[in-house]
Amino acid sequence: MLILVPDALLSGNLPLPALTLAEGFFLVSPWKPVLLLIPFVPWAMIVSRVLDKHAARFFLAREAWNVGHLCVGLLAFIVAISIPVKEEWAFWLGLVLMILILVGDIVVFAMVTNKDERVPEAHQLTLDFSRWTEARAAKAAAKKAGTVQLVIKSPDKSLVPAPDGATPEFEVRVAAEQMMCKTLDARASEVVLAPTGKDNTYTISMLVDGVRQPGAAMPASEALKILNFWKAAGKLDVADQRKKQQADIGVERDDSRKKIRMTTIGTQAGPRLVMLIDPEAQVKRKPDHLGLLEPQMKELQTLVTDGQGVVVLAGAPDSGRTTTMYTVVKMHDAYTKNVQTVELEPQDSLEGVRQNKWDAQAEGPEFSTLVRSIIRRDPDVVAVAEVPDAATAKELAKAESDRTRVYASLRADNALQALQMWVKLVGDADQASKCLHGVVAQKVLRKLCTNCRVAYQPGAEMLKKMGLPGDKVKQLFKKGGQVLIKNKPEVCPVCGGGGYIGQEGVFEVFSIGEGERAMVKSGDWNALRGEFRKKTLPTIQQSALRKAVDGVTSLEEVLRITADPAKAGDSKPASEPKTSGAGA
Ligand SMILES: [Zn+2]
């Protein structure tokens, strides 16, 4: 190869011999092998520090992935060195191909694992590098603080400093962190620190997959210290124990980062603290992840396309109603249409959508007045997160059906009940029915952990009782909670032993046409029930059973949510402002 250099010089017909010399030198440059190795450094770092950890964390096929990465790496190198052309450009082409293969390896990993149901949506891999660098900075800060487990950030992103180890403040910090760590370990969507109302005690309860888990009682003095610690972290007025105050703080542990929306409010027995974990993530769902069965999804799409009149959205508190409302609102194009919501507490900000917040404590118009003023401006879509009174329902029923789509959210257990409630609220069956175009009712059920669920053969009697065909359903699943690790039963690492992980909605979706409107108007609910049945669209119970047959959930869970509506969600008095998560 070195001969090339004098050759090039001797040839004499090159205008810039110096450049040729440099080129010739480059061909034999010892830097080339190094250059070939450089792309492997970031690739190997990403594979070992991000991808492998990701695989381990979510119990993916870690070894298989690592073998795959190694093969791809080897392939990339072979491609780079085996281009059979001796020209200069061949080297660069090889290098580019090699980088493309390495990048492809990472992209394929992200695409495949993001589809895996073991990876929660919030933890899917993205190319948002700012998140990575921030996580590193936070980790360094936590290390500096030394003795604490969490990095806590105030609303202004400033770090809440860890107190000196020997002080009483440090003990409070540790207690507050314990409360948060338990909440995060349990994958709770909400944690509440509230007075029990007796013996001057407080209790910490969590909402896990929509089920309230009560905690032990603790003295009020201790609880208030923890409560005030969090208030201070949120830069709230610690002295004011009555007024409702709200703040978003950040909590980071290991490589997970959560936004915590805390609300404090005074009650007769003392102040109460509600913390929502990742409130925005809780209500973010793509339409096909809501839990709708295929014919229901089609019916919902038809309803959205129709875009006229009132569609009643129904569910118990914490039944995922907010999630469904947000998802349905997002199915409308907020860029070409005027889309608005009226909410007490927006849980997520919706791009392009005007979200009107109504504050019960602020001076201003009544809820119904606000709704009326919005409807007067002829928006294309108005979604009301909670119809609080008859006056609001009347305003909504008066909207021009052919110009505005109204989503009215009500607390009801099924489609029929929701429609009855709608008619009652509007107070005039004619007006209430005239504008109706559809109804969507829902509940949420917990999904079985696929890592530890247990298959069994259901008894014929059980199947008969549930109305399932005995000749078709050969296998169902129940919750496990344990897995065999080296032949020893151990707590399932995926669900932490609970047997369930995550939630999904079960629905009733019906569009309402002329015939149904007449039945609503005349109050012939039996006829309407029959009409709905004719559509062969599943009811909530049928949807839930379908999911049990598919192994998504257990019969026990189906019974839990369909038997007693009061137990299915976290029921709270209707007068209380809704501060808890949607649960799905
Ligand atoms: Zn499990």
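See the structure above.
Residues numbered from 1 in each chain as written. Predicted model: local features only at pLDDT ≥ 70, side-chain atom pairs only at ≥ 80, totals over all residues. Heavy atoms only, no water.

## Things to note about the overall build of the protein chain
Counting its secondary structure elements, the protein chain contains 22 helices and 19 strands. When each of the 584 residues of the protein chain is scored for burial, the buried share is 45%. Counted over contacts in the protein chain with a minimum sequence separation of 6, partners at least 24 positions apart contribute 65%. (Helix = DSSP H or I, 4+ residues; strand = E, 2+ residues; numbered from the N terminus. Buried < 20%, exposed > 50% of the residue type's maximum accessible area, 1.4 Å probe, protein only. Contact = heavy atoms within 4.5 Å.)

## What to know about the sheet that holds strand E14 (residues 436–448)
The seven strands are arranged E11-E10-E12-E13-E9-E14-E19 in an open sheet whose pairing can be described as mixed. Two strands close off the open sheet at either side, each with one partner strand: strand E11 (354–357) and strand E19 (500–511). Sheet twist, expressed as the mean angle between neighbouring strand axes with direction ignored, is 20°. Where strand E9 (residues 309–315) and strand E13 (residues 405–410) come together, six bridges link them in parallel fashion. Paired with leucine 313 across the strands is serine 409, a residue of E13. (Pairing = 2+ DSSP bridges. Axes fitted to C-alpha atoms, helices over the stretch in contact; angles between N-to-C directions.)

## Quick look at the side chain of aspartate 278
Along the polypeptide, aspartate 278 turns up in the loop between strand E8 (270–277) and helix H10 (279–282). Residue classification places aspartate 278 among the buried positions, given a relative accessible area of 16%. Among all residues touching aspartate 278, those that are not within four sequence positions of it are Arg257, Lys258 and Lys259.

## So, the coordination of the zinc ion
Each pair of donors in an ideal four-coordinate tetrahedral metal site encloses 109.5 degrees, whereas pairs in an ideal six-coordinate octahedral site enclose 90 or 180 degrees. At this site the zinc ion is bound by Cys449 (SG), Cys452 (SG), Cys492 (SG) and Cys495 (SG), with donor distances of 2.2 to 2.3 Å. Around the zinc ion sit four donor atoms; with metal-centred angles ranging over 103 to 115°, the donor geometry is tetrahedral. Here the donor residues for the zinc ion map to a single chain with the spacing C-x2-C-x39-C-x2-C. Residue cysteine 449 is found in the loop between E14 and strand E15 (454–456), and its partner cysteine 492 is found in the loop between strand E18 (488–491) and E19; the two are separated by 43 residues along the sequence. Note on cysteine 449: relative accessible area 0%, which makes it buried. (Donors = N, O, S within 2.8 Å, 3.2 Å for Na, K, Ca; no water. Tetrahedral: all angles 85-135°; square planar, octahedral: opposite > 155°, others 65-115°.)

## Points about the pattern of salt bridges
Counted by the stated rule, this structure contains 32 salt bridges. The salt bridge involving lysine 243 is made with aspartate 240; its shortest N-O contact spans 3.9 Å. One salt bridge in this structure joins glutamate 557 and arginine 446, with 3.0 Å as the shortest N-O distance. Residue glutamate 557 is located in helix H21 (residues 555–563), and its partner arginine 446 is located in strand E14; the two are separated by 111 residues in the primary sequence. Both residues of the pair, glutamate 557 and arginine 446, belong to the buried class. (Salt bridge = Lys/Arg side-chain N within 4 Å of Asp/Glu carboxyl O.)

## Focus on the side chain of serine 256
Note that serine 256 resides in strand E7 (residues 256–267). Judged by its relative accessible area of 12%, serine 256 is buried. Discounting residues that sit within four places of it in the chain, serine 256 has contacts with Arg57, His123 and Val251.

## Quick word on the environment of tryptophan 525
Tracing the backbone through its elements, the reader meets tryptophan 525 in helix H19 (residues 525–534). Its relative accessible area of 19% is what places tryptophan 525 among the buried residues. As a C-alpha pair, tryptophan 525 and leucine 416 span 109 residues in sequence and 7.4 Å in three-dimensional space. With residues near it in sequence (within four places) discarded, tryptophan 525 still touches Leu416, Leu419, Gln420, Val423 and Val520.

## A closer look at the nonpolar core
Formed by 56 residues in total, the largest nonpolar core has its most connected members in Val312, Leu396, Leu419, Trp422 and Val439. Looking at which element gives the most residues to this core, the answer is helix H15 (residues 415–426), with eight residues. Those residues in contact with valine 312 that lie beyond four places of it in its chain are Ala408, Leu410, Ala418, Leu419, Trp422, Leu436, Gly438, Val439 and Val440. By size, the runner-up hydrophobic cluster in this structure holds 30 residues, among which are Leu193, Val208, Leu227 and Trp230. (Core = buried A, V, L, I, M, F, W, Y, C linked by side-chain atoms within 4.5 Å.)

## Observations regarding the packing of helix H14 (residues 390–398) against H15
At a closest axis distance of 7 Å, the pairing of H14 and H15 adopts a crossing angle of 95°. Taken as axis vectors, H14 and H15 run roughly perpendicular relative to one another. Of H15, the residues touching H14 (which contributes Ala390, Ala393, Lys394, Leu396 and Ala397) are Trp422, Leu425 and Val426. A per-class count over the contact of H14 with H15 returns seven nonpolar, no polar and one charged. (Parallel < 35°, antiparallel > 145°, perpendicular 65-115°, else oblique. Nonpolar A, V, L, I, M, F, W, Y, C, P; charged D, E, K, R; others polar.)

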